[in-house]
Every structure is written in C-alpha cells, then in structure tokens.
Amino acid sequence: MSDEFRKNLMGPEPTLLPAETDVYQHLALGKEALDLVARNPTSSLLWAILAEEAWDEGRTIESYAFARVGYHRGLDALRRNGWRGVGPIPWEHEPNQGFLRALYALGRAAAAIGEADEPERIEKFLNDSDPNAKAALEAR
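Residues numbered from 1 in each chain as written. Predicted model: local features only at pLDDT ≥ 70, side-chain atom pairs only at ≥ 80, totals over all residues. Heavy atoms only, no water.

Under the annotation held in an unreviewed UniProt entry, the protein carries the name DUF3151 domain-containing protein and is attributed to Paenarthrobacter ureafaciens.

Here it is as structure tokens:
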C-alpha cells in the first residue's frame, strides 16, 4: 500500500496559515487594531481583536460585524493556503489563531442576537477545526 494512500485515509493535512509578521510587530509596539486594519484588511487577527473589543464594551452588533469580516477573510486565507473546506486548522499554530478567534467571536455574537442555526454550525466548525480551540479561547 502506498504512503499516499495511507495519508489520504487519515484525512486532510492540517492547514497552516502564514505568519502576519508586520501585524504582530505593530501590535507588540502597542498599535491599535482599529488603526492597523485599514492597512491590513485581510488580517483575520485584526478583525477578531476588533470583535473582542466590541464584545467587551457591550457592542454586540459591532462585534458580530467585525467577527463576520474576520471569518470571511480567514476563509479566503485558508483557501489560498490549500484548505478545501474540511480538515484541521490547529490552534497551536499561532497564525491560525486569528481565524479561530474570529470564528469563536462570530458564534458568540450570533447567539447573542438570536440567530437560530449559526451558533451551532460555528461550534461544530470550531470543534472540527481543533477540538482544543474553544477551551483555549475561553481560557484567555
């Protein structure tokens, strides 16, 4: 039996997004996500941070909107990096965390505004991506 056949039986390889070095550096220097997102609109991490900040301030609708953008930007990045709609997106790989944070924030905000099916679908997606991601996010 070929190695390729065995690999395919185990499922798709994990998707590992590339590092957003410029974004990380600016955040480490204390720059605000709101100031950075216009120059880095494809960054799921920045949109996730904006969603989290809005949530913490009680701005549920804004949190939902920011998370939705981060989620879609993340899907675009995943697809550009070989993801085909299924397979692991490991939390341990730091560049994946922006997408997973946006996904979690979207589920939380969707539940808060009373969306019927979205929170369940997102929880399944988050768990399918990495079963440890939700616990890691809630421990932050």
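Enquirer: In this structure, what is going on with the packing of aromatic side chains? I would like to understand it.
Expert: Two aromatic rings, taken as a pair, are described by how far apart their centres are and by the angle between their planes. Taken as a whole and assessed by the stated rule, the structure comprises 5 aromatic pairs. Ring centres of Tyr71 and Phe99 lie 6.2 Å apart, and the angle between their planes is 25°; on these two criteria the pair is classed as stacked. Of this pair, Tyr71 sits in helix H5 (residues 60-80) while Phe99 is found in helix H6 (residues 97-112), placing the two residues 28 residues apart along the sequence. Judged by its relative accessible area of 1%, Phe99 is buried. Their ring planes at 80° and their centres at 6.3 Å tell us that Tyr71 and Phe125 sit as a pair that is edge-to-face. Here the residue Tyr71 occupies a position in helix H5, and Phe125 occupies one in helix H7 (residues 118-129), the gap between them amounting to 54 residues. With a relative accessible area of 7%, Tyr71 lands in the buried category. Three or more aromatic residues joined by ring pairs make a cluster, and in this case those are Tyr71, Trp83, Phe99 and Phe125. (Phe/Tyr/Trp six-rings, centres within 6.5 Å; stacked < 30°, edge-to-face > 60°. Helix = DSSP H or I, 4+ residues; strand = E, 2+ residues; numbered from the N terminus. Buried < 20%, exposed > 50% of the residue type's maximum accessible area, 1.4 Å probe, protein only.)

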